[in-house]
Amino acid sequence: MIEKSAMITICGRPNVGKSTLTNALVGEKIAIVSNKPQTTRNRISAILNKGDTQFVFMDTPGFHKPRTRLGDYMVNVVKESVCDVDAVMLVVEPIAGIGKQEEELIARLKDTQAPALLVINKIDTVEKPELLAVIAAYSATHEFDAVIPISARTGEGLDELMSELEKYAVEGPQLFPEDMISDQPEKQICAELVREKLLLCLEKEIPHGTAIEVTKFSERDNGIIDMDVTIFCEKASHKGIIIGKQGSMLRKIGELARTDIEAFMGTRVFLQTWVKVKENWRDSQAQLRNFGFTE
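All values derive from a computational prediction rather than experimental measurement.

Enquirer: Describe the nonpolar core, and please don't skip the residues or the numbers.
Expert: Membership of the largest hydrophobic core comes to 29 residues, with the highest contact counts inside it found for Leu21, Leu25, Phe57, Met89, Leu161 and Leu165. Where this core is concerned, the elements lending two or more residues are β1 (4-11), α1 (18-26), β2 (44-50), β3 (53-59), β4 (87-92), β5 (116-120), β6 (146-149) and α5 (158-165). Residues Ala191, Leu198, Ile231 and Ile261 belong to the second largest nonpolar core, which totals 28 residues.

Have a look at this one:
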């Protein structure tokens, strides 16, 4: 019986491993991951029921200097997500130098007076004594409730992190049904899995200028799901690259996405993909609304 809940924001600069940490904590692939910045665009709530406590982890976009209206939206999501929560995890890399993004996030934490933990990720990439300088640098900037070194990739330190997070649980009704693992609709998660494969397969800026729309999502009597997906890009030249020679790149993206979607949905999926051009959609308020990026 769920008797307590804890709403916890995960924030940090792009590529520190926030989405990998989210997935590791809940034990399911909820948030897409890639080695490219600004992979996460929306706030994603991942839900973990443990004992008598329901944890709601809010994975946020990487905090960065925006260059488009979409970027402005993503930064605002982060700023709003550190308010009115039970705790905030500031996720950083094991580097003693504190960047401008971290400085701005720490200033935001001070403004909101949110309980904050410093989570030093990727500790599997450094020697343990190197962490002392990182801890000292951040401890000089803010009085964190706790400092937890972890590796979201290997799972090291996650038990200690969960033990610390349990302290922020408050008595009250559960926020989500017990069988829910995310507040994202299945259709949205499937669209994000397609976008993840674009980030994986395409170079440079092209995948950042893409948006995904699921135009058909229906289940046959035998359980197979029929899904039609349109990939929108910003330039005709990008469309050609996404499709590839004789459709080879689009086939590769579709096959990789279908494998992950089938694993997520637990059934066979018949996936069809198309590519269309929508110029400068990231700077169009109307287009951003159409793709679900609303304040």
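Enquirer: For the environment of Ser19, give the residues involved together with the corresponding values.
Expert: Mapped onto the fold, Ser19 is located in helix α1. Residues Ser19 and Thr39, spaced 20 residues apart in sequence, show a C-alpha to C-alpha distance of 8.9 Å. Residues contacting Ser19, with those up to four places away along its chain left out, are Ala31, Ile32, Val33, Thr40 and Asp59.

Enquirer: Just give me the short version of the pairing of strand β8 (residues 211-219), but keep the residues and values in it.
Expert: Look at any regular strand and the pattern is simple: side chains alternate between the two faces of the sheet. As judged from the 8 bridges shared by β8 and strand β9 (residues 225-233), these two strands associate in the antiparallel manner. Directly across from Glu219, in β9, lies its bridge partner Ile225. From the end of β8 to the start of β9, which pair antiparallel, there are 5 residues, and Gly223 there has a positive phi angle of about 95°.

Enquirer: Now, about the sheet that holds β8: what can you tell me, with residues and values included?
Expert: Pairing is mixed in the open sheet, where 3 strands are placed in the order β8-β9-β10. The sheet is open, and its two edges are formed by β8 and β10 (269-277), each paired on a single side. Between one strand axis and the next, the sheet turns by 15° as a mean value, whatever way the strands run. Packing against the sheet, helix α7 (residues 236-243) makes contact with β9 and β10, and its axis sits at approximately 155° to β10. Its contacts with the sheet put helix α8 (residues 248-265) on β8, β9 and β10, and the angle it makes with β10 is roughly 135°.

Enquirer: A description of the packing of aromatic side chains should follow, citing residues and the corresponding values.
Expert: Summed over all chains, the structure comprises 4 aromatic pairs. Their ring planes at 55° and their centres at 5.3 Å tell us that Phe232 and Phe291 sit as a pair that is tilted. Within this pair, whereas Phe232 is found in strand β9, its partner Phe291 is found in the segment after α9 (285-290), the two being separated by 59 residues in sequence. The two residues Phe232 and Phe291 agree in class, both being buried. Pairing Trp281 with Phe291 gives two aromatic rings, centres 5.2 Å apart and planes at 70°, and the pair type is edge-to-face. You can see Trp281 sitting in the loop between β10 and α9 and its partner Phe291 sitting in the segment after α9, a full 10 residues away along the chain. With respect to class, Trp281 is no different from Phe291; both count as buried.

Rules behind the numbers
Residues numbered from 1 in each chain as written. Predicted model: local features only at pLDDT ≥ 70, side-chain atom pairs only at ≥ 80, totals over all residues. Heavy atoms only, no water. Core = buried A, V, L, I, M, F, W, Y, C linked by side-chain atoms within 4.5 Å. Buried < 20%, exposed > 50% of the residue type's maximum accessible area, 1.4 Å probe, protein only. Helix = DSSP H or I, 4+ residues; strand = E, 2+ residues; numbered from the N terminus. Contact = heavy atoms within 4.5 Å. Pairing = 2+ DSSP bridges. Axes fitted to C-alpha atoms, helices over the stretch in contact; angles between N-to-C directions. Phe/Tyr/Trp six-rings, centres within 6.5 Å; stacked < 30°, edge-to-face > 60°.

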